[in-house]
Amino acid sequence: MFWLLPPIILFGWCLFSTGWPLYRHWRQAKRLNLPILITPIRKYGRTQRALQFALTRGLLLQFIVQLPFIRVSQGSWTFRQKFSIHKQYGEIFVLVSPAGCEIYVADPKVAKQILDRRVDFPKPGRLLKKLEAFGRNLATVDGEEWQRHRRLTSKAFHEKTYRTVWDETCSIASVIFRGWDTGDVVDSTQADMATLSLRVLVKACFNLDHENDSMTTNTTNVVLLQQHISRYLRSLTNPLRGIAKQEVEVAFRALNDFITRLVRNRKPTASIQPQNDLVSSMLAPAGDSHFVDSEIAGNLFLFIFAGHETTAGALVYILHLLAVYPEWQDWAMEEVDRVLSRSGDNKPKFETAYPECKRLRASLYETLRLYGPVPTIVRQTANADQIVRCSDNSEMVVTSNMPVNINCMALHTNPDYWGEDCLEWNPGRWISSTPDSFSDQELFTMFSNAFFPWGAGPRVCPGQRFSQIEVVAVLLCLLRAYRVTIAPENGKSLAESRHRVISLLEASRVGLTLRMPGSRTLSLIRRR
Ligand code: HEM
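Just so you know, these numbers come straight off a predicted model, no measurement behind them. For every chain, the first residue of its written sequence is number 1, and the numbers climb from 1 along that sequence. Where totals are concerned, whole chains, interfaces and linings use all residues; where local detail is concerned, this predicted model gives features only for residues with pLDDT of at least 70, and gives and counts side-chain atom pairs only at 80 or more. Just so you know, side-chain values use all the structure's heavy atoms and leave hydrogens and water out.

Caption draft 1: Structural detail: the overall build of the chain. Secondary structure follows DSSP: runs of H or I at least 4 residues long count as helices, runs of E at least 2 residues long count as strands, and numbering of each begins at the N terminus. A tally of regular secondary structure across the chain gives 22 helices and eleven strands. In this treatment the radius of gyration is a C-alpha quantity, and the globule benchmark scales as 2.2 Å times the residue count to the 0.38 power. Computed over its C-alpha atoms, the radius of gyration of the chain comes to 24 Å, within 12% of the 24 Å expected for a compact globule of 528 residues. In terms of overall dimensions, the chain has a C-alpha envelope of 85 × 60 × 50 Å along the principal axes. Exposure classes here rest on a 1.4 Å probe applied to the protein chains alone. A residue is buried below 20% of its type maximum, exposed above 50%, and partly exposed in between. Taking all 528 residues of the chain together, 52% fall into the buried category. Contacts spanning at least 24 positions in sequence make up 73% of the contacts within the chain whose residues lie at least 6 apart. Only the protein chains shown count as covering a residue, and every accessible area follows the Shrake-Rupley method with a 1.4 Å probe. When the accessible surface of the chain is summed, it comes to about 24,400 Å², and 55% of that surface belongs to carbon and sulfur atoms. Contact criterion: two residues are considered in contact whenever any of their non-hydrogen atoms come within 4.5 Å of each other.

Quick look at the structure:
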């Protein structure tokens, strides 16, 4: 019988090491007076990895897969489950695991209060430390320090910047689409959109010209820089995904070198010849606030990452969605033709063309609603309890040091706000006139209460307008000359290929941002 002892001890230990913390956290959760969902599976732990393995290989029975605690224990669950868990547990619930308690919020009124109350609900510092390898930056600091970072960086976003974003995007996108127009299939959508958005950022924020500047003399350099960023960021979100340490170090050194050279080149002339861009804004003191070198480096890294990874992701999704839904592509094309015929110019101007592109903006909003790069916005309470008012006017007390996640995916797919077709990609929902009339069409704002792709409140994304202009310019350049379609795969019908693309969209994963696992081949058909 002695042989039974080790497995019994092991089983007892597992039970105790999971059960005891689970019990303590459950007691803590009870104080919140919220619905409780308990999972014995620890986020990022070994059991979660084993579960993920079993789920991806279909090794579990369907009824087990459908258990709520299994549904919230898989990676990227907020994207995959959409509103469904909240439908069962309510718009606000607390998830209890051996690692602790976390509140999930899909109540728009509560989400807005949390994002508005920057001091009561700061960002959880420990999560953001990873983004500080180059120095402290706007996304990783709080309190007065955050105010200083925001003041010094926001000076860089003005109408001239936006005009540069528009012009630069139009010129780069036209070249990319000409390159795609070979009659062949396009399998470089992700790489090309990442390069495009990085080049636009490098021009608009750093005033570096990819053709004339010695730092980014040719396409290869931007592509290389993009690869280093991508490798470095992947290593942050998933250190276990087999990226060799050496490769990460090479990527880190290359990025560090780029940032250091950029600052060194600009420092001597920053005060004599300010260039109105992000680098100038950070080098020039505003009143008595200024940045030290590591903060400049930290912010340059942040803007490189936040400014291109998110927009590139949105572009990849939108191109695939337009290809999957040709009827909405026709609808968007109608607007493009009208905007271009009005301006009578093949080179549409930012000031006149952009405000007219409402259907293109609607297509972006609808894409971000279902495939926004940031599916969850994380906050926590500081050292004091906080009271918030819910949509049903009841009060909720959030205890101190409690993680609070705004579940944007759930907010964006709640049928009460978005209707029964909430899971369909339907850009028309954003336009308030009859679908085929232009005269009185307006972009709907009634959804804005339950729509948080760029966050909200004081920490709302400073690149919101930047990214909208970039995406609209890409779509305008695409649809004025081409139609984008799914390239049928060998031996598959078009319907089957479309179906495969939809499955791929739904297989997206949440890392630092939401990403499709690879892009499918698209093709361009010339319109005229
Ligand atoms: C479709 C494109 C984009 C989306 C969906 C997006 C989304 C977001 C979201 C949700 C946040 C807030 C996170 C939070 O509150 O914790 C954020 C913050 C931020 N974004 Fe964006 N973003 C986009 C493009 C950009 C661009 C183009 C830039 C820069 C040019 C940028 C720079 C930043 C920065 C610096 C922050 C941190 C702000 C702070 O903490 O005060 N983003 N973004």
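Caption draft 2: Broad picture of the site of the ligand. Only a single heavy atom is needed: when it lies within 4 Å of a molecule or strand, its residue is near that molecule or strand. Near the ligand, the surroundings consist of 26 residues, among which Trp146, Arg150, Arg379, Arg459 and Cys461 are the closest. Within the side chain of Lys123, a nitrogen or oxygen atom sits 3.3 Å from an oxygen atom of the ligand. N or O atoms within 3.5 Å of each other form a polar contact, as long as, within protein, one can give a hydrogen and the other can take it, and as long as residues adjacent in sequence are counted only when both atoms are side-chain atoms. Between an oxygen atom of the ligand and a side-chain N or O atom of Arg459, the distance comes to 3.1 Å. Counting only elements with at least two residues in the shell around the ligand, the list comes to α9 (143-154), α15 (293-324), β4 (376-380) and α21 (464-481). Of all the elements, α15 adds the most residues to the shell around the ligand, at six residues.

Caption draft 3: Representation of the coordination of the iron atom of the ligand. Distances up to 2.8 Å from the metal define which N, O and S atoms are donors, and 3.2 Å serves for Na, K and Ca; water is absent from the atom set, so sites may look incomplete. For the iron atom of the ligand, the protein contributes exactly one donor atom, Cys461 (SG), at 2.3 Å. Relative to the assigned elements, Cys461 resides in the loop between α20 (415-418) and α21.

Caption draft 4: The arrangement of the packing of α15 against helix α18 (residues 358-371) in detail. At a closest axis distance of 10 Å, the pairing of α15 and α18 adopts a crossing angle of 105 degrees. Here α18 runs roughly perpendicular to α15, going by the angle between their axes. From α15, Ala314, Tyr317, Ile318 and Leu321 reach across to α18, where they touch Ser363, Leu364, Thr367, Leu368 and Tyr371. Note on residue classes: Ala, Val, Leu, Ile, Met, Phe, Trp, Tyr, Cys and Pro are nonpolar, Asp, Glu, Lys and Arg are charged, and everything else, Gly too, is polar. Per-class residue counts for the contact of α15 with α18 are seven nonpolar, two polar and no charged. Only the stretch in contact is used when a helix axis is fitted, and all axes are lines through C-alpha atoms; the angle between N-to-C directions ranges over 0 to 180 degrees. Angle categories are assigned with fixed cut-offs, so that under 35 degrees is roughly parallel, over 145 is roughly antiparallel, 65 to 115 is roughly perpendicular, and the rest are oblique.

Caption draft 5: Layout of the sheet that holds strand β1 (residues 36-38). DSSP bridges decide pairing: two strands pair if at least two such bridges lie between them. Across the sheet, which stays open at both edges, the five strands sit in the order β1-β2-β3-β7-β4 with mixed pairing between neighbours. The open sheet terminates on both sides in strands that have one partner only, identified here as β1 and β4. Mean inter-strand twist for the sheet, computed between neighbouring axes without regard to direction, equals 25 degrees. Pairing geometry for β4 and strand β7 (residues 403-407), over five bridges, is antiparallel. If you follow Arg379 over to β7, its bridge partner there is Val404. Lying over the sheet, helix α1 (residues 5-30) contacts β1, β2 (92-97) and β3 (100-105), oriented at roughly 160 degrees with respect to β2. Most of the contacts of helix α7 (residues 108-116) go to β7, to which it runs at about 125 degrees, and overall it touches β2, β3, β4 and β7.

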